[in-house]
Amino acid sequence: MKKIDKTLLLTIIALSIFGIIMIYSASNIWANYKFNDSFHYFKYQLVFFLIGIVILQIVSRIDYKVYYKYANVILLSCFLLLILVLIPGVGSIRNGSRSWFGIGSLGIQPSEAAKIGLIIFSSKYLANNNDYLNNNFKGIIPLLIIVLSIFGLIMLQPDLGTGLILLMSIISILFISGVNIKFFIGGGILGILGIIFLIIIAPYRMNRITSFINPWNDELGTGFQIIQSLYAIGPHGLLGTGYLNSIQKHFYLPEPQTDFIFSIIAEEFGILGAIIVVGLFSILLYRTVRIALNCTDLFAKYLVFGISFQLIFQAIMNLMVVVGLIPVTGVTLPFLSYGGSSLLISMFSIGIILNISKNI
Amino acid sequence: MFIRNIDKRIKILFLLMIILLILVIIKICYIELFEYSKLNNLAQDLWSRNLELKADRGKILDRNGKVLADNLTTTSLILVPNQIKNKKQVTTDLSKILNVSYSNMKKHVYKKTSIERVHPEGRRLSYETAKRINKLKHSGVYLIKESKRNYPYDNLLAHTIGYVGIDNQGLSGIELQYDKYLTGEDGAIKYYSDAHGNKLTINDTYVSPISGMNITLTIDINIQKSLEREMNNIRDMFNPDMALAIVVNPKNGEILGMSSLPSYNPNNYQKYDSRILSRNLPIWASYEPGSTFKIVTMSSAIEENVVDIFKDHFYDSGKVKVDGSTLKCWKAGGHGDQTYLQVIENSCNPGFVKLGQLLGKERLFSYINKFGFGTKTGIDLNGEGEGIIFPLNRVGNVELATSAFGQGISVTPIQQVMAVSAVVNGGYLYKPYIVKNISDNTNTIIYENNKVLKRRVISSKTSSTMRYALESVVAKGGGKSAYIEGYRIGGKTGTAQKVENGKYLSNNYIMSFMSIVPANDPDAVFYLAIDNPKHTAMLSSYTTTPIARRILLDIIKVLNIPEQSKEITKDLEWNDKVTYEVPNVIEKNYEEAKKLLINFEIIKNGTGNIVSYQSPKAGTKVEDRSRIRLFMK
């Protein structure tokens, strides 16, 4: 392949444009109420999309080996940013987490950058330390210390969703790199203990778990979001209400253009909307995995798969929350949810994959 | 080799993620196919706001279809605060129109609620007020129809019909007992709103209210009117503590009329004492019946063949000794030698003591039970009493003796009329009822009450003898002032001393009269009781019977009871008018006519010697010295 993967590019563009269209429908009522401008979110997302395409174009032209070279610097910057963002006055609080740098409605989340930064670093680390993979002290442990300290910094914000995605994408790279299955079993047990620990220090997380099993137990509290989401998906059957006709966007589902945009898609387009979204993500997954499989460069292989896994895993987590399969974690749907910083980082990530696709 | 291993693991994760994505689609299908209706219902509740449209309450009708309880349509004000744009203006306008202070109205207009009822100022608005509010055309201000219960005849049948509260919920009587039938299904105007309460542009739906079911009573309004009229007379004449009247059809147990004094107006029941409201005396009151109970004793005695009332004699010395207690007859010196028919005509207490003794306590009390005393009759009304009858093991000779003439036991009026109905209808004890049927708003009868036979108590022969005896009481005995010329009336008076704390009160009586019409085949059993009448002789025959007679006349008219001639002729008293049947004098000459018309005054019209026409006609009964008009040719 000497050319970039056009199917992948088109899929990304389709997802983003569908996202912009749905952001308009989901947010017009709220935007009109809050900003007196139904197109407020639509316009911002459109601008971010255009910037994102430019970034994607530029990144896809940068040789991916640059990241190999600067992996340590990138990781160090991420560390610093994650520490900085925790300082009151520097980082600002949004939706309960101190995870933003920004002025006004524009903002970037260093944790988004950290996700990609850590994948770059881990890919390099694992590509270089192939021989020590199953030697705990020389192989995995140092990497894990780095990963867990970044995870810890993100949890201080706190942002469980992003933290989990970050952790899982590194674990996925460890998994494919050939680390012994025993490690994952041990890790799994540690993970469960970790989750129990996290619940003990912040009991609201327990409520999220119980409310996911029966949201009506706490209808106005922890179960509220999932109930509102089900009220969007369910009542109109397989066909949906049609574009712009969502009822739940009328202040029932809070800020429907972000985490719960998929609810509005399912409300307006029914099962068809769901199939379009899941289908596009499946194509995205398939194309990126194909690139990963075709890579001969180990660093590139890990990098492509890490990015791919991270995007798809985030999408799956979001979709499963929205349809009530797992507790609410507060992650957005890549490319579709409203959010500039997230979209730009996703475009940046895809740009890297596209560049790699050219080099195999 | 190493790379292949990596690729294998990539494929594993790829498959895992594809499975998870498929799982999401499956879950969506599950939600949209299987949880669809549940979620739809819940979500509709969330999205839609209902402006309730009150259903009309079912009507209550008499047996002829006359409306005893209906509804007045009124308008009420409803606010949807979130839809009101100019709250200040709306508050000002509404406070002006409704004559409410600005601050008071502000509470309603600014209230954080989806739908606010302006209560009570905004309820039951006049047409003019409603029109003025409507003219303002403010958004979020709604006028909805409400209906208010109305009792067009005020006090008539108040205790039985009952009354409703402000929200049209039945609180008493039929209104309470049959609330679930009378209450309709409220309708609504349903509109979609956002979470802030603003109306969405999705179409409104209108669900029309369904009126409640109509209840037709067995009551005949004309008999009821007669009872109410005489209750008012009783109140004016005697100022009694209480009074009650009840009319039943002995052939099936239908209540034709029932009335209580003191009464109330259900249109504004709040003004009355709760004791007045709750006591439907004909079914609630429980007291010593007195002589009317002798009907039961005598029926039992005849049925058991212990006496032949026409042939057997009893000598009344004026008193009788039972176990050392002396029981006196009401007539000092006694009635002397009498047949048992005369014993009941004279209401002679010692005679009934004798009947009680002849029967013995087992038999007498088994009849008392069989006639339904001591247990509720099961009438379809709330608040029925059951009376008190001695348990058999506590009946001594004195208790047997007094029970036989109606003392020492406690019964309800409804028990008495049902027992007497059984006495006169051939022996059948029926369950009384007041609801004839229930019909829905398409006039389809969905429920109908029919006569319920509880048991046969006496034979038709005994019943027939008793009818004769009761007719004889009115013609010759204590019921004389109820006698109606041309009609066969049976009856029995009663005067019972009231008991308080185990002692008889002096000069405090319940006077009663039990009657049947026509006596040969009764269509009505009527019972009247007056508790502690003032300014009257302490004998029921002077107090109750003249009033009962007026009601009986009305009953005869309402039930279309034909005139009959074979009645027992009344014994004359000094103040009784003598009546004669007018003979036929047409085609007779004047001299002949004069002889035939010896008891009458003749008025001659026209010239000639032959009578061409007479008025009244031959066969009519008129009083002594009445005028007979003759037309001569």
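Owing to the predicted nature of the structure, the values given are computational and were not obtained by experimental measurement.

Reading guide: rules and limits
Residues numbered from 1 in each chain as written. Chains lettered and ligands numbered in written order. Predicted model: local features only at pLDDT ≥ 70, side-chain atom pairs only at ≥ 80, totals over all residues. Heavy atoms only, no water. Helix = DSSP H or I, 4+ residues; strand = E, 2+ residues; numbered from the N terminus. Buried < 20%, exposed > 50% of the residue type's maximum accessible area, 1.4 Å probe, protein only. Contact = heavy atoms within 4.5 Å. Areas by Shrake-Rupley, 256 points an atom, 1.4 Å probe, with all protein chains shown as cover. Pairing = 2+ DSSP bridges. Axes fitted to C-alpha atoms, helices over the stretch in contact; angles between N-to-C directions. Polar contact = N/O pair within 3.5 Å; in protein donor to acceptor, adjacent residues only side chain to side chain. Buried area = accessible area lost by both parts, 1.4 Å probe. Salt bridge = Lys/Arg side-chain N within 4 Å of Asp/Glu carboxyl O. Nonpolar A, V, L, I, M, F, W, Y, C, P; charged D, E, K, R; others polar. Expected span 1.5 Å × (residues − 1). Parallel < 35°, antiparallel > 145°, perpendicular 65-115°, else oblique. Disulfide = S-S within 2.5 Å. Phe/Tyr/Trp six-rings, centres within 6.5 Å; stacked < 30°, edge-to-face > 60°. Lys NZ or Arg CZ within 6 Å of the ring centre and 35° of its normal. pLDDT = per-residue confidence, 0-100. Bend = angle between axes of the 7 residues up to and from the residue.

Participant: I'd love a proper account of the overall build of chain B, names of residues and values included.
Facilitator: The number of helices and strands found in chain B is 19 helices and 26 strands. The buried share of chain B, reckoned over its 633 residues, is 52%. In chain B, of all internal contacts separated by at least 6 residues, the share reaching a separation of at least 24 is 71%. Carbon and sulfur atoms make up 49% of the accessible area of chain B, which totals about 28,800 Å².

Participant: Describe the overall build of chain A, naming the residues involved and giving the relevant values.
Facilitator: Along its length, chain A carries 12 helices and three strands. Within chain A, the proportion of its 360 residues that are buried is 56%.

Participant: An account of the sheet that holds strand 23 (residues 601-605) of chain B is needed here, citing residue identities and associated values.
Facilitator: All names here are of chain B. Taken in spatial order, the three strands line up as 23-26-24 in an open sheet, and their pairing is mixed. Two strands lie at the open edges of the sheet, namely strand 23 and strand 24 (611-615), each paired on one side alone. In this sheet, adjacent strand axes meet at a mean angle of 25° when their direction is disregarded. When strand 24 meets strand 26 (residues 627-632), the two strands line up antiparallel, connected through four bridges. Within the sheet, the bridge partner assigned to Gln614 lies in strand 26 and is Leu630.

Participant: Kindly report on the side chain of Thr218 of chain B, identifying the contributing residues and their values.
Facilitator: All names here are of chain B. Here Thr218 lies in the loop between strand 8 (214-217) and helix 9 (221-238). In this structure Thr218 comes out as buried when scored by relative accessible area, which is 0%. Polar side-chain contacts of Thr218 include one of 2.5 Å to the backbone oxygen of Ile255. Discounting chain neighbours no more than four positions away, the residues touching Thr218 are Arg63, Glu254, Ile255, Leu256, Tyr433, Ile434, Val435 and Lys436.

Participant: A description of the interface of chain A and chain B should follow, citing residues and the corresponding values.
Facilitator: Taken residue by residue, the interface counts 52 residues in chain A and 38 residues in chain B. For the pairing of chain A and chain B, the buried interface totals around 4,200 Å² over both sides, and the portion due to carbon and sulfur atoms is 81%. Counting across the chain A and chain B interface gives one salt bridge. Of the charged contacts in the structure, one is a salt bridge between Lys301 of chain A and Asp7 of chain B, with a shortest N-O distance of 2.6 Å. Secondary-structure elements contributing two or more residues to the side of chain A that touches chain B are helix 6 (160-176), helix 7 (181-201), helix 9 (224-233), helix 10 (261-294) and helix 11 (298-322) of chain A. In terms of residue count, helix 10 of chain A provides more of the side of chain A that touches chain B than any other element does, 13 residues in total. Along the lines of polarity and charge, the residues of the side of chain A that touches chain B split into 37 nonpolar, 14 polar and one charged.

Participant: Just give me the short version of the sheet that holds strand 10 (residues 255-261) of chain B, but keep the residues and values in it.
Facilitator: Residues and elements named next belong to chain B. Strand order in the open sheet formed by five strands is 10-9-21-20-19, and the pairing between neighbours is antiparallel. Single-partner strands in this sheet number two, and they are strand 10 and strand 19 (490-500). Shown here is a sheet whose adjacent strand axes are inclined to one another by a mean of 10°, direction ignored. Two elements, strand 9 (residues 242-248) and strand 10, share six bridges in a ladder whose sense is antiparallel. When the sheet's bridge partners are listed, Val247 is paired in strand 10 with Gly257. Packing against the sheet, helix 17 (residues 460-476) makes contact with strand 19 and strand 20 (503-517), and its axis sits at approximately 80° to strand 19.

Participant: Can you tell me about the pairing of strand 13 (residues 325-328) of chain B, naming the residues and giving the values?
Facilitator: Residues and elements named next belong to chain B. Here four bridges tie strand 12 (residues 319-322) to strand 13, and the two strands are oriented antiparallel to one another. When the bridges of strand 13 are listed, Lys321 appears paired with Thr326. Between strand 12 and strand 13, which pair antiparallel one after the other, the connecting turn spans two residues, and Asp323 there sits at a positive phi close to 45°.

Participant: Which residues make up the environment of Glu52 of chain B, and what values do they have?
Facilitator: Residues and elements named next belong to chain B. Relative to the assigned elements, Glu52 resides in strand 1 (residues 48-53). Residues Glu52 and Lys145 lie 93 residues apart in sequence; the distance between their C-alpha atoms is 9.0 Å. Once you skip the residues sitting within four places of it in the chain, Glu52 turns out to touch Arg117, Ile144, Asp186, Gly187 and Ala188.

Participant: Just give me the short version of helix 3 (residues 87-98) of chain B, but keep the residues and values in it.
Facilitator: Because each turn of an α-helix spans 3.6 residues, side chains separated by three or four positions end up pointing in the same direction. Over its 12 residues, helix 3 of chain B extends 16 Å from the first C-alpha to the last, a length consistent with the 16 Å expected when each residue adds 1.5 Å. Immediately beyond the C-terminal end of helix 3 of chain B, within one or two residues, lies Asn99 of chain B, with a positive phi of roughly 65°.

Participant: Requested: an account of the packing of helix 1 (residues 6-35) of chain A against helix 12 (residues 340-358) of chain A, with residues and values cited.
Facilitator: Residues and elements named next belong to chain A. Remark: helix 1 packs on helix 12, axes separated minimally by 11 Å, with the N-to-C direction vectors making an angle of 170°. Judged by the angle between their axes, helix 1 and helix 12 are roughly antiparallel. Across from Leu8, Leu9, Ile12 and Ser16 in helix 1, the residues of helix 12 making contact are Leu343, Met347, Ile350, Ile353 and Leu354. For the contact of helix 1 with helix 12, the residue count by class is eight nonpolar, one polar and no charged.

Participant: Tell me about unusual backbone geometry, and please be specific about residues and values.
Facilitator: All names here are of chain B. The peptide bond linking Leu261 to Pro262 adopts the cis configuration, its omega dihedral lying at 0°. By the element assignment, Pro262 lies in the loop between strand 10 and helix 10 (274-278). For the bond from Ser615 to Pro616, the omega torsion is -5°, close enough to zero to count as cis. Take Pro616: it is sitting in the loop between strand 24 and strand 25 (621-623). Here Asn305, not a glycine, exhibits a phi torsion of approximately 60°, which is positive. Mapping Asn305 onto the fold places it in the loop between helix 12 (294-303) and strand 11 (313-316). You can call Asn305 exposed: its relative accessible area is 65%. Despite not being glycine, Asn532 has its phi angle at roughly 55°, a positive value.

Participant: Can you lay out the state of the cysteines for me, pointing to particular residues and giving the numbers?
Facilitator: Residues and elements named next belong to chain B. Tallied over the full model, the rule gives zero disulfides over all chains. This cysteine, Cys329, is not joined by any disulfide, and Cys348 carries the nearest cysteine sulfur, 4.1 Å off. The exposure class assigned to Cys329 is buried, which follows from its relative accessible area of 7%.

Participant: Explain the packing of aromatic side chains to me, and be specific about the residues and the numbers.
Facilitator: Residue and element names in this part refer to chain B. All told, the structure shown has 30 aromatic pairs over all chains when counted by the stated rule. Relative to Tyr181, the ring of Tyr178 lies with its centre 6.2 Å away and its plane at 45°, an arrangement referred to as tilted. Joined through ring pairs, the aromatic side chains of Tyr163, Tyr264, Tyr269 and Tyr272 make up one cluster. Sitting over the ring of Tyr110, Lys106 keeps its end group 5.6 Å from the ring centre.

Participant: Describe the confidence of the model for chain B, with residues and values.
Facilitator: Of the residues in chain B, 97% have a pLDDT of 70 or more, and the chain-wide mean is 87. Overall fold confidence for the complex sits at a pTM of 0.61, while the interface term, ipTM, reaches 0.94.

Participant: So, helix 10 of chain A: which residues are in play, and what are the values?
Facilitator: All names here are of chain A. The end-to-end C-alpha distance of helix 10 is 34 Å, clearly below the 50 Å that 34 residues give at a rise of 1.5 Å each. The sharpest bend along helix 10 measures roughly 130° and falls at Phe269. Summarising burial for helix 10: 24 of the 34 residues are buried, a large majority.

Participant: Just give me the short version of the pattern of salt bridges, but keep the residues and values in it.
Facilitator: What the rule picks out here adds up to 23 salt bridges over all chains. One salt bridge connects Lys115 of chain A with Glu112 of chain A, and the closest N-O pair in it is separated by 3.3 Å. Here Lys115 of chain A pairs with Glu112 of chain A, and both are found in helix 4 (residues 110-128), just three residues apart, close to one helical turn. On the basis of relative accessibility, which here comes to 7%, the residue Glu112 of chain A falls in the buried class. For Arg149 of chain B, the salt bridge goes to Glu175 of chain B, with nearest N and O atoms at 2.8 Å. On the criterion of sequence distance, the pair formed by Arg149 of chain B in strand 5 (residues 141-150) and Glu175 of chain B in helix 7 (residues 173-177) is long-range, its members being 26 residues apart. What makes Glu175 of chain B buried here is its relative accessible area of 0%. Each of Arg57, Arg149, Glu175 and Asp179 of chain B takes part in a single network of salt bridges with overlapping partners.

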